[in-house]
Amino acid sequence: MADSDNPKKAPATQAVSGGRRKQWTEAVVNPPVWRASTHLYDSVEDLKTGLKTNEDGRFFYGRRGSPTQWSLADALSEMEPGAAGTMLYPSGVAAISSALLSVLNPGDEVLLTDSSYDPSRSFADAFLKRMGVTAHYYDPMIGGDIAELFTDKTKAILMESPGSLTFEVQDIPAICAAAKKANIVTLLDNTWATSRFFPALEKGVDISIIAATKYIVGHSDVMMGAATTHKKYWTKLRRTAQQLGQVVSPDDAYLTARGLRTLEVRLKQHEASALTIAHWLKDRPEVGAVLHPALPECPGHETWKRDFLGSSGLFSFELSKGDEETRAAFIDALSMFGIGYSWGGFESLALPVDPAKYRTATNWTLTGPLVRLNIGLEDPDDLMADLAKGFEAYNKAQSC
Ligand SMILES: *Cc1c(COP(=O)(O)O)cnc(C)c1O
């Protein structure tokens, strides 16, 4: 919808101009917040016409959105080459569960990466199981060999690249090519890279999902999910979201669109600061592995170099000789890194993560505890000084 009627623009330009159609903005810069459940029709005839269409851009009823939501969806589609449309959801998890429900039926099997975001796993293991769908997990480094796991019941693959705790970069084009041959739908959790750094549909993915809560919102104050797909799955995705009653508030859509306008400059800064800090950490004696896709030791680094247009601000590192207690001493001593879930906001965060707990198809082999950092928009020198204080506390805890 958005893609074909616009000539190709650079990403920064798309982020600024996307979805700002004149009929939605009128005389102001941003599409206003249209709070509406009821749309009033001119006549019974007009009401009947409204029933016949099911597309964004036409008022029907509040659950189908207003220009505020359409504008955001439109902008996200425009930024994803090959997109037929985008559905919005009240969270990233809602986008993942609804997208899976749009393509799975009782009796089907679904493959998920062993590096999946934990709520994706629990949706598959609990909810999908209850509706008769079996989940199997695969090694994120599997590539085209994933075909060996296919049975005639395999109907969908949920990928996440890089994994958001452990950062393995998957060979998405190879997995998608194998899936396509077997008529299997591919879904990608593309939250880390966004379409800016990984144009998923172009790489062969059928449904690209992002937790817009992270980089699109960018300010840690809104929950939002989005799923973007090409023509083949668009109707299914849309119908399922509507049947499940998925709708986002115009206020949240407004704030998300506001975040989107600055996505390019924020991502560039997150990228630069995270790289500076990742390299600095690499040289610290306390640090073992640094799991950042742009660093050679990260599993799938070569694939990242081949497929990605950049790296964002989230990565993990190993405290080589640490344990749970000394890791806590490290994190507690930081004053510029908040301790909390989520990421992609302007403020830095540090989180203890324990991937071994979630693995079923592969073994987690690093022995030191992991810390995941969200590098925000503070000055990286200040952040490194703060991390140095963390290492001081860590070394002190180590020696007692
Ligand atoms: C946060 C996150 C989600 C879920 O998004 P919410 O908006 O918090 O529901 C999904 N995938 C990844 C990789 C995430 O980090």
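Residues numbered from 1 in each chain as written. Predicted model: local features only at pLDDT ≥ 70, side-chain atom pairs only at ≥ 80, totals over all residues. Heavy atoms only, no water.

**Q** Would you mind showing me how to read unusual backbone geometry here?
**A** Glycine aside, residues mostly have negative phi, and peptide bonds are mostly found in the trans state. Residues Ser161 and Pro162 are joined by a peptide bond in cis, for which omega reads -10 degrees. The backbone of Asn183 shows a phi angle near 60 degrees, a positive value even though the residue is not glycine. A relative accessible area of 57% places Asn183 in the exposed class. With a phi close to 55 degrees, Ser220 is a non-glycine residue in the positive phi region. (Buried < 20%, exposed > 50% of the residue type's maximum accessible area, 1.4 Å probe, protein only.)

**Q** Is there a simple way to explain helix α5 (residues 92-103) in this structure?
**A** Residues that lie three or four places apart on an α-helix share one face, since the helix turns once every 3.6 residues. Under the 1.5 Å per step criterion, the end-to-end length of α5 is 17 Å for 12 residues, consistent within 8% with the ideal 16 Å. For α5, a buried count of 11 out of 12 residues is recorded, marking the element as mostly surrounded by other parts of the structure. The complete set of buried residues in α5 reads Gly92, Ala94, Ala95, Ile96, Ser97, Ser98, Ala99, Leu100, Leu101, Ser102 and Val103. (Helix = DSSP H or I, 4+ residues; strand = E, 2+ residues; numbered from the N terminus. Expected span 1.5 Å × (residues − 1).)

**Q** Mind showing me how you'd approach the site of the ligand here?
**A** The full set close to the ligand counts 14 residues, and Gly92, Asp189, Thr213, Lys214 and Trp343 are the nearest of them. At 2.7 Å from an oxygen atom of the ligand is found a side-chain nitrogen or oxygen belonging to Lys214. About the coverage of the ligand: the protein hides 93% of its 380 Å² of free accessible area. Taking a 2 Å distance to the grid points as the criterion, the majority of the atoms of the ligand fall inside the largest pocket. The leading source of residues in the shell around the ligand is α5, at three residues. (Near = heavy atom within 4 Å. Polar contact = N/O pair within 3.5 Å; in protein donor to acceptor, adjacent residues only side chain to side chain. Areas by Shrake-Rupley, 256 points an atom, 1.4 Å probe, with all protein chains shown as cover. 1 Å grid on protein atoms, 1.4 Å probe; cavity = no way out; pocket = protein on both sides within 12 Å on 5 of 7 lines; lining within 4 Å. Sits in = over half its atoms within 2 Å of the grid points.)

**Q** Is there a simple way to think about the side chain of Thr113 in this case?
**A** Examined against the element boundaries, Thr113 turns out to sit in strand β2 (residues 109-113). In this structure Thr113 touches Arg121, Tyr137, Tyr138, Pro140, Leu158, Met159, Glu160 and Gln170, once residues within four positions along its chain are discounted. (Contact = heavy atoms within 4.5 Å.)

**Q** When you look at the pairing of strand β6 (residues 207-211) in this model, what are you seeing that I'm missing?
**A** Side-chain positions along a regular strand alternate between the two faces of the sheet. Along β6, five of the five residues are buried, which leaves the element largely enclosed by surrounding structure. Here β6 shows a buried face lined by Ile207, Ile209 and Ala211 and a second buried face lined by Ser208 and Ile210. Direction of pairing for β6 relative to strand β7 (residues 225-229): antiparallel, over a ladder of five bridges. Along β7, the bridge assignment pairs Ile210 with Ala226. (Pairing = 2+ DSSP bridges.)

**Q** In this structure, what is going on with the sheet that holds strand β1 (residues 85-89)? I would like to understand it.
**A** Across a sheet, strands are paired by hydrogen bonds formed along the backbone, either parallel or antiparallel in direction. If you trace the seven strands from one edge of the open sheet to the other, you get β1-β7-β6-β5-β4-β2-β3, paired in mixed fashion. The sheet is open, and its two borders are formed by β1 and β3 (134-138), each paired with just one other strand. Sheet twist, expressed as the mean angle between neighbouring strand axes with direction ignored, is 20 degrees. Sheet strands touched by helix α4 (residues 67-78): β1 and β7. Its angle to β1, the strand with the most contacts, is close to 125 degrees. (Axes fitted to C-alpha atoms, helices over the stretch in contact; angles between N-to-C directions.)

**Q** Looking at this structure, I do not really get the pattern of salt bridges. What am I missing?
**A** Once the charged atoms of two side chains with opposite charge are near each other, the side chains can pair. Considering all chains together, one arrives at 16 salt bridges under this definition. Note that Arg121 and Asp114 form a salt bridge whose closest N and O atoms lie 3.0 Å from each other. In this structure, Arg306 and Asp171 form a salt bridge, with 2.7 Å as the shortest nitrogen-oxygen distance. Of this pair, Arg306 sits in helix α12 (residues 301-307) while Asp171 sits in the loop between β4 (154-160) and α7 (172-181), and the two are 135 residues apart along the sequence. You can call Arg306 partly exposed: its relative accessible area is 48%. With a relative accessible area of 21%, Asp171 lands in the partly exposed category. One network of salt bridges, in which partners are shared, links Asp171, Arg306 and Asp307. (Salt bridge = Lys/Arg side-chain N within 4 Å of Asp/Glu carboxyl O.)

**Q** So what exactly am I meant to see when it comes to the nonpolar core here?
**A** Generally speaking, soluble globular proteins have nonpolar side chains that are buried together. In this structure, Ile146, Ile157 and Met159 are the most contacted members of the largest nonpolar core, which totals 54 residues. When contributions to this core are tallied by element, the ones reaching two or more residues are α4, β4, α7, α10 (250-260), α11 (263-282), β8 (287-291) and β10 (349-353). Among the elements that make up this core, the one with the highest residue count is α7 (five residues). When neighbours within four sequence positions are excluded, Met159 is seen to be in contact with Thr113, Tyr138, Gln170, Ile172, Ile175, Cys176, Thr186, Leu187, Leu188, Asp189 and Val205. In terms of nonpolar packing, the next biggest core, distinct from the first, is built from 29 residues, Ala94, Ala124, Val133 and Ala241 among them. (Core = buried A, V, L, I, M, F, W, Y, C linked by side-chain atoms within 4.5 Å.)

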